[in-house]
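Given next are the chains, with one letter for each unit.
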Amino acid sequence: MSEPDDSLERLLTFIADTRAIDFSGYKRTSLERRFRKRMADTSAQTFDDYRDLLETNSEEYRFLLDTVLINVTSFFRDPAAWEHLGTQVIPDLVDQVGDGEIRVWSAGCSTGEEACSLAIAFAEVMGVEAFSRQVKIYATDIDDDALRQARLGVYSAKGLEPLSAELVERYFEPTGSSYVLRPELRRRVIYGRHDITRDAPISRLHLLSCRNVLMYFNAETQNQILDRFHFALGEEGVLFLGKAEMLLSDGERFEALSMPNRIFRRRPGARTYRPIHSPVVLEVARATGGNLRQRQLRDLAIETAPSAHVLVDVNGVVTLINNQARAMFGLSSREEGRPLRDLEVSYRPVELRSLIDQAQSERRLVRRNAIERALGDESRFLDVLVQPLISDDGIVLGVDIVFSDTTDYVRLQEDVRRSREDLETAYEELQSTNEELETTNEELQSTNEELETTNEELQSTNEELETMNEELRTRTQELDETGTFLEATLASVPDGVVVLDDALRVRAWNRSAENLWGLRSSEAEGVSFFALDIGLPTGQLREPIRRCFDEGVSARVELAAVNRLGRNITCAVAVSPLGTDRDGVVVTMEDLASS
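Scoring rules and cut-offs
Residues numbered from 1 in each chain as written. Predicted model: local features only at pLDDT ≥ 70, side-chain atom pairs only at ≥ 80, totals over all residues. Heavy atoms only, no water. Helix = DSSP H or I, 4+ residues; strand = E, 2+ residues; numbered from the N terminus. Contact = heavy atoms within 4.5 Å. Areas by Shrake-Rupley, 256 points an atom, 1.4 Å probe, with all protein chains shown as cover. Pairing = 2+ DSSP bridges. Axes fitted to C-alpha atoms, helices over the stretch in contact; angles between N-to-C directions. Core = buried A, V, L, I, M, F, W, Y, C linked by side-chain atoms within 4.5 Å. Buried < 20%, exposed > 50% of the residue type's maximum accessible area, 1.4 Å probe, protein only. Phe/Tyr/Trp six-rings, centres within 6.5 Å; stacked < 30°, edge-to-face > 60°. Parallel < 35°, antiparallel > 145°, perpendicular 65-115°, else oblique. Nonpolar A, V, L, I, M, F, W, Y, C, P; charged D, E, K, R; others polar. Patch = residues over 30% accessible without salt bridge, like charges linked within 9 Å, V, L, I, M, F, W, Y side chains within 5 Å. Salt bridge = Lys/Arg side-chain N within 4 Å of Asp/Glu carboxyl O. Lys, Arg positive; Asp, Glu negative; His and termini not counted. Charge placed at Lys NZ, Arg CZ, Asp CG, Glu CD. Expected span 1.5 Å × (residues − 1). Bend = angle between axes of the 7 residues up to and from the residue.

> For the overall build of the protein, give the residues involved together with the corresponding values.
The number of helices and strands found in the protein is 19 helices and 20 strands. A separation of at least 24 residues holds for 58% of the contacts in the protein among residues at least 6 apart in sequence. Taken as a whole, the protein presents about 32500 Å² of accessible surface, with 48% of it coming from carbon and sulfur.

This is the structure in structure tokens:
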């Protein structure tokens, strides 16, 4: 059975108070369906049960937003509409602005694909250099998780499938298995949290893209949002909506440039702006009567401030907590009117009461920097400023406590400090290395001097070797001449001459010996004399040759032999020592019949 409508309204009011998320303008049927889907996942039976769960488990908000705020997006979703925007609308807009700044707002940007698509579309028309100089794209969403992912600017290869390979190569850089938008484009996209149903709109826009977002709101809220969009756009500014959204009933504020592609132009007229409030806020506003305008101005100024603000009066009572403070410290508007000392924020992360007393007594700004705030396993750093609020007549009315998240700055400082220490260490190592190199250089210089001395010695030795080489060449030439002379002498001797070495191997075999025995010198040289197969009985010469070697005694014998022609001859063989040291034997063979 359905619960009474007021139970859902109470839950929506609770979420608006504790998290500054106003769902009052959403279509009740689709909103209730998504809430019940999340309630089924948590086993909550009623809206009141689910409210109790939100009070005890702050993480549940993230799952609820993921369910209610459907982040369905992609690059160049509805290609035909983007093609028309890139070829017809953006070129006209660029020509119209000239060299001035072009302001673009992507409302409901989810994880950033649409904002990146706008950046690419403008860069394609203008070029990257002109784009990075002229275009500024504001990308906003109510989902903090989606914004964190968008700020990273990292997309998977599957997420880039709608883009051509040329666009991916031109505008993205690979990082591991993913891709990141080029820095020239990324620097011109500014991400921030913004609720189009309650936060002040960005103004002086040339193009406002809010695609498939209005469809989630009822007709009244849609009309109020379009009123804000009309205020945000400059003269002839362009509104780009999604396929499921139409402005058929809004011809007074917008005219259709391309109805099939849901592209509209702002009609000239007064730039009116009516702040949107939930039913609870409207009820309070009606009760305050004439203070409505002041309440609206105060709400817009404080609620849209980028820092967390807590206003405390002179009696220590909390009078206002803005959206950033509620989100940062888990506070709600119900804390307004309570003493500050009853709230945890009064002493954590820093003792505020002493700072308030100091600011009020000294009537000056009191500041504490880089206060660490532990959030589970993570730490954040805050700068806390306590500013006394003093009336025109010098009376202290209270203080404005401002909390600025400086975590990135503190961490950057820590990184710089570590980098400086690393550089100092590296410098010391470089100095040590330099000293070692200087020592090594001295050693190398000494070694070089030794090498130069050695080189001079080698040059001297080389000159000596060249002199010796010249002498050897001369001696070799003389020996060659002597050898030639001896060969000619042996060849001219009519008797056969054989020279034996100390091992009785043939060293020389002249031409007459060849003619006598029919054995060429190449066949005889190097062979044992007694192993030669010739017609001379060499065995009978062993004794004379031995005595010639041992005693240096010459001998002459006549032996019967057979010459090369096969005729029997008488051969006179003379054996004499070779030289005075008996280095060999000379054997002379003569055919007596032919002499």
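> Outline the sheet that holds strand S14 (residues 378-390), supporting the account with residue identities and numerical values.
With antiparallel pairing, the five strands of this open sheet are ordered in space as S12-S11-S15-S14-S13. At either margin of the open sheet sits one strand with a lone partner, and together these are strand S12 (318-321) and strand S13 (366-375). For this sheet the average axis-to-axis angle between neighbouring strands, irrespective of direction, equals 20°. Pairing between strand S11 (residues 308-313) and S12: three bridges, direction antiparallel. Residue pairing for S12: Leu-311 is matched across the bridge by Leu-320. The strands touched by helix H15 (residues 352-362) are S11, S13, S14 and strand S15 (396-405); relative to S15, the strand with the most contacts, the crossing angle is about 130°.

> Describe the nonpolar core, with residues and values.
Grouped together as the largest cluster of nonpolar side chains are 45 residues, with contacts concentrated most on Phe-122, Phe-172 and Tyr-191. The greatest single-element share of this core, amounting to nine residues, is contributed by helix H6 (residues 113-126). Residues contacting Phe-122, with those up to four places away along its chain left out, are Ile-90, Leu-93, Ile-102, Val-104, Gly-127, Phe-131, Val-135 and Leu-207. The next biggest cluster of nonpolar side chains, apart from the first, holds 27 residues, and it includes Val-506, Trp-509, Leu-519 and Ile-534.

> Describe the sheet that holds strand S18 (residues 555-562), with residues and values.
The strands that make up a sheet are held in pairs by hydrogen bonds between backbone atoms, and each pair lies either parallel or antiparallel. On the basis of which strands lie adjacent, the open sheet formed by five strands has the order S17-S16-S20-S19-S18 and antiparallel pairing. Either end of the sheet is taken by a strand with one partner, and the two such strands are strand S17 (506-509) and S18. In this sheet, adjacent strand axes meet at a mean angle of 25° when their direction is disregarded. Bridge count between strand S16 (residues 496-500) and strand S20 (residues 584-591): five bridges; the pairing is antiparallel. Bridging across to S20, Leu-500 finds its partner in Val-585.

> Explain the environment of Val-557 residue by residue, including any values.
Within the secondary structure layout, Val-557 lies in strand S18. What makes Val-557 partly exposed here is its relative accessible area of 25%. Spatially, the C-alpha atoms of Val-557 and Met-589 are 9.8 Å apart, while their sequence positions differ by 32 residues. Once residues lying within four places of it in the same chain are set aside, the contact partners of Val-557 are Leu-541, Cys-571, Ala-572 and Val-573.

> Could you give an account of the packing of aromatic side chains, naming the residues involved and the relevant values?
With the rule as written, the count across this model stands at eight aromatic pairs. Considering the side-chain rings of Phe-35 and Tyr-50, the 6.4 Å spacing of their centres and the 85° angle between planes classify their relative orientation as edge-to-face. Of this pair, Phe-35 sits in helix H2 (residues 28-42) while Tyr-50 sits in helix H3 (residues 47-56); the two residues are 15 residues apart in sequence, bridging distant segments of the chain. For the residue pair Phe-35 and Tyr-50, the accessibility class agrees, reading buried in each case. Between Phe-75 and Tyr-155, the aromatic rings sit 5.0 Å apart at their centres with planes inclined by 75°, giving edge-to-face as the arrangement.

> Could you give me a rundown of the packing of H3 against helix H4 (residues 60-68), with the residues and numbers involved?
A packed helix pair is summarised by two numbers, namely the angle formed by the two axes and the spacing between the axes. Packing of H3 against H4 brings their axes to within 8 Å, and their N-to-C directions diverge by 130°. With respect to their mutual orientation, H3 and H4 come out oblique. Contacts from Tyr-50, Leu-53 and Leu-54 of H3 reach H4 at Glu-60, Tyr-61 and Leu-64. For the contact of H3 with H4, the class distribution of residues is five nonpolar, no polar and one charged.

> Describe a negative patch on the surface, listing the residues and the values that go with them.
Taken together, Glu-435, Glu-436, Glu-438, Glu-442 and Glu-443 make up a surface patch of like negative charges. With respect to the helices and strands, the residue Glu-438 is situated in helix H16 (residues 407-492). For Glu-438, a relative accessible area of 47% puts it in the partly exposed group.

> Break down the pattern of salt bridges for me, with residues and values.
Between side chains of opposite charge, pairing is possible as soon as their charged atoms come close. Taken as a whole, this structure holds 33 salt bridges when the rule is applied. The partner of Asp-6 in a salt bridge is Arg-10, with the nearest N and O atoms 3.5 Å apart. A residue pair is termed a helical-turn pair when its members lie 3 or 4 positions apart in one helix, as Asp-6 and Arg-10 do in helix H1 (residues 5-19) at four residues. Glu-543 is the partner of Arg-546 in a salt bridge, and the nearest nitrogen-oxygen pair spans 2.5 Å. With Arg-546 and Glu-543 both in helix H19 (residues 542-551) and three residues apart, the pair spans about one turn of that helix. Looking at Arg-546, the relative accessible area reads 39%, which means it is partly exposed. Within the structure, one salt-bridge network assembled from shared partners comprises Glu-414, Asp-415, Arg-417, Arg-418 and Glu-421.

> I'd like a description of helix H5 (residues 79-97), backed by residues and values.
Given 3.6 residues per helical turn, the α-helix brings residues three or four places apart onto the same face. An ideal rise of 1.5 Å per residue puts 27 Å on 19 residues; H5 measures up with 25 Å between its terminal C-alpha atoms. Roughly 35° is the biggest bend found in H5, and it falls at Leu-85. For H5, the complete set of buried residues consists of Ala-81, Trp-82, Leu-85, Gly-86, Val-89, Ile-90, Leu-93, Val-94 and Val-97. Buried-residue contacts for H5 involve strand S1 (102-107), H6, strand S7 (205-210), strand S8 (233-241) and strand S10 (263-266). One or two positions beyond H5, positive phi appears at Gly-98, with a value near 70°.

All we've got here are geometric facts, nothing functional implied.
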